[in-house]
Amino acid sequence: MARTKGHGNPNWTHDEIVLALDLYLSLDRNVPSPRSPEIQALSAVLRSMPYHLEAAKQPSFRNPDGVGFKLMNLRQLDSGRGLSNVSKTDRQVWEKYGSQPAAVRNLADAITKGMRTILPEEIPEEVEELPEGRLLTAIHVRRERNPKVRKMLLDARRATGLRCDMCELSRPGIRADLEEAIFEAHHIVPLASAGERKTKLSDLSLLCACCHRAIHRAMIIEQRWLTIPEAQGLIL
Ligand SMILES: [Zn+2]
Ligand SMILES: [Zn+2]
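Residue indices begin from 1 for each chain and proceed along its sequence in written order. As they are written, the chains are lettered A onward and the ligands numbered 1 onward, keeping that order. Given that this is a predicted model, residues contribute local features only at a pLDDT of at least 70 and side-chain atom pairs are listed and counted only at 80 or more, while totals for whole chains, interfaces and linings are drawn from all residues. Hydrogen atoms and water are omitted, and side-chain values are computed over all heavy atoms in the structure.

Regarding the coordination of the zinc ion (ligand 2)
Consideration 1: Only nitrogen, oxygen and sulfur atoms qualify as donors, provided they sit within 2.8 Å of the metal or within 3.2 Å for Na, K and Ca; with water excluded from the atoms, sites may seem incomplete. Bound to the zinc ion (ligand 2) on the protein side are Glu 144 (OE), Glu 144 (OE), His 186 (ND1), His 212 (NE2) and His 216 (NE2), at distances that span 2.0 to 2.5 Å.
Consideration 2: Written as a sequence motif, the donor residues of the zinc ion (ligand 2) are E-x41-H-x25-H-x3-H. Here His 216 lies in helix α10 (residues 209–222) and His 186 lies in strand β3 (residues 183–187), a separation of 30 residues in the sequence. The same class applies to His 186 as to His 216, namely buried. Numbering of helices and strands runs from the N terminus; a helix is a DSSP stretch of H or I covering at least four residues, while a strand is a stretch of E covering at least two. For every residue, the accessible area obtained with a 1.4 Å probe (protein chains only) is divided by the maximum for its type, and the residue is called buried under 20%, exposed over 50%, and partly exposed between those limits.

Concerning the nonpolar core
Consideration 1: Within this scheme, the nonpolar core is defined by two criteria: the residues are buried Ala, Val, Leu, Ile, Met, Phe, Trp, Tyr or Cys, and they are joined through side-chain atoms within 4.5 Å. Core analysis: the biggest nonpolar cluster contains 37 residues, and Val 18, Leu 21, Ile 111, Leu 135 and Leu 136 have the highest contact counts within it.
Consideration 2: Of all elements in the fold, only α1 (14–26), α2 (37–47), α3 (64–79), α4 (88–97), α5 (101–117), α6 (134–145) and α9 (191–194) reach the threshold of two or more residues within this core.
Consideration 3: If one sorts the elements of this core by residue count, α1 sits on top with eight residues.
Consideration 4: An automatic or database domain assignment supplies the residue ranges for each domain. Both domain 1 (4–117) and domain 2 (134–235) contribute no fewer than three residues apiece to this core.
Consideration 5: Residues count as neighbours in contact if any of their non-hydrogen atoms are within 4.5 Å of one another. Sequence-distant contacts of Leu 21, defined by excluding residues within four places in its chain, comprise Leu 74, Val 93, Trp 94, Tyr 97, Gly 98 and Val 104.
Consideration 6: Val 149, Leu 162, Met 166 and Leu 207 belong to the second-largest nonpolar core, a separate cluster that totals 16 residues.

Comments concerning the packing of aromatic side chains
Consideration 1: Ring geometry is summarised as follows: Phe, Tyr and Trp rings, the Trp one being its six-membered ring, pair when their centres sit within 6.5 Å, and such pairs are stacked at plane angles under 30 degrees, edge-to-face over 60 and tilted between the two. Per the stated rule, a full pass over the model turns up zero aromatic pairs.
Consideration 2: It is Arg 134 that lies over the ring of Tyr 51; its NZ or CZ is 4.2 Å from the centre. Both a distance and an angle decide whether a charge sits over a ring: NZ of Lys or CZ of Arg must be within 6 Å of the ring centre and within 35 degrees of the ring normal.

A look at the environment of Asn 73
Consideration 1: Position of Asn 73 relative to the elements: it lies in helix α3.
Consideration 2: Linking Asn 73 and Leu 83, residues ten residues apart in sequence, is a C-alpha distance of 4.8 Å.

Here's the deal with the confidence of the model for the protein chain
Consideration 1: Confidence of the prediction at every residue is given by pLDDT, a number between 0 and 100. For the protein chain, per-residue confidence averages 93 on the pLDDT scale, and residues scoring 70 or more make up 97% of the total.
Consideration 2: Counted against residues more than four places away or in other chains, residues 1–5, with its pLDDT under 50, gives twelve contacts.

Re the coordination of the zinc ion (ligand 1)
Consideration 1: Protein ligation of the zinc ion (ligand 1) involves Cys 164 (SG), Cys 167 (SG), Cys 208 (SG) and Cys 211 (SG), the donor distances falling in the range 2.3 Å.
Consideration 2: For the zinc ion (ligand 1), the four donor atoms are set out with angles of 103 to 116° between them, so the coordination reads as tetrahedral.
Consideration 3: Counting along the primary sequence, the residues that act as donors to the zinc ion (ligand 1) give the motif C-x2-C-x40-C-x2-C.
Consideration 4: Using a relative accessible area of 2% as the deciding quantity, one classes Cys 164 as buried.
Consideration 5: Classification of Cys 167 by relative accessible area gives partly exposed; the value is 31%. Angle rules define the geometry names used: all angles between 85 and 135 degrees makes four donors tetrahedral, while opposite donors over 155 degrees apart and all other angles between 65 and 115 make four donors square planar and six octahedral, leaving every other case irregular.

Digging into the pairing of strand β4 (residues 204–208)
Consideration 1: Among the five residues in β4, five count as buried, and that is most of the element.
Consideration 2: Burial of the side chains of β4 extends over both faces: Leu 204, Leu 206 and Cys 208 are buried on one face and Ser 205 and Leu 207 on the other.
Consideration 3: Strand pairing is assigned whenever DSSP detects at least two bridges linking the two strands. In terms of strand pairing, β3 meets β4 through five bridges, oriented antiparallel. Residue pairing in the sheet places His 186 in a bridge with Ser 205 of β4.

Some details on α1
Consideration 1: How far a helix is expected to stretch is found by multiplying one less than its residue total by 1.5 Å. Under the 1.5 Å per step criterion, the end-to-end length of α1 is 18 Å for 13 residues, consistent within 8% with the ideal 18 Å.
Consideration 2: Of all the 13 residues making up α1, twelve are buried; the element is thus mostly covered by neighbouring parts of the structure.
Consideration 3: His 14, Asp 15, Glu 16, Ile 17, Val 18, Leu 19, Ala 20, Leu 21, Asp 22, Leu 23, Tyr 24 and Leu 25 are the residues of α1 that are buried.
Consideration 4: Buried residues along α1 sit against α2, α3, α4, α5 and α6.
Consideration 5: At the C-terminal side of α1, Asp 28 shows a positive phi close to 55°.

Structure follows, in structure tokens:
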């Protein structure tokens, strides 16, 4: 079960706060009435978030009043005027994106489009979020595990020998099926930049399972996207 606060509704996630921030910035930092079409529309989007289907059975979940309050939290962070019960996640999202309206817009677009392509069961109950938040983390992992994507990468690299792009590990002498089991595909382009297009070979890096785990962990800790050289600097 998601953690709850206040009236029993789950805490706002990074994804949801990004969507609220996108609205706040697009309205020139004004907070409209809960009856406005903009607030009503965001409430409807949040109530259809695939990982909140259970919570959304409650009429109070992300209702227009609640969405208005969240915009007032963001205004508090922006100007010192608003509702001061800001959460840690509100603050993190504001610090990362408050001064980057274009990045917020890209991310919000990727989240709303992603919401339509992912099934609730594809999103784990408890997930450590990559910098792009819970929904796009699930899509990132799904893309990397896609057998076609994995095969494309392995086929392309087989001619020169399978080798980890981070630590250069290779096991050329062993059975091909065991050798393949050591390696995973890692998507190096943030989803908000890649958009909905099909994964290309140049979007992918071949990593050993150990380095793949480590680069994801480093991005979770740093809460920013890391290139392979940046991750090498941290991990090797
Ligand atoms: Zn490696
Ligand atoms: Zn990855």
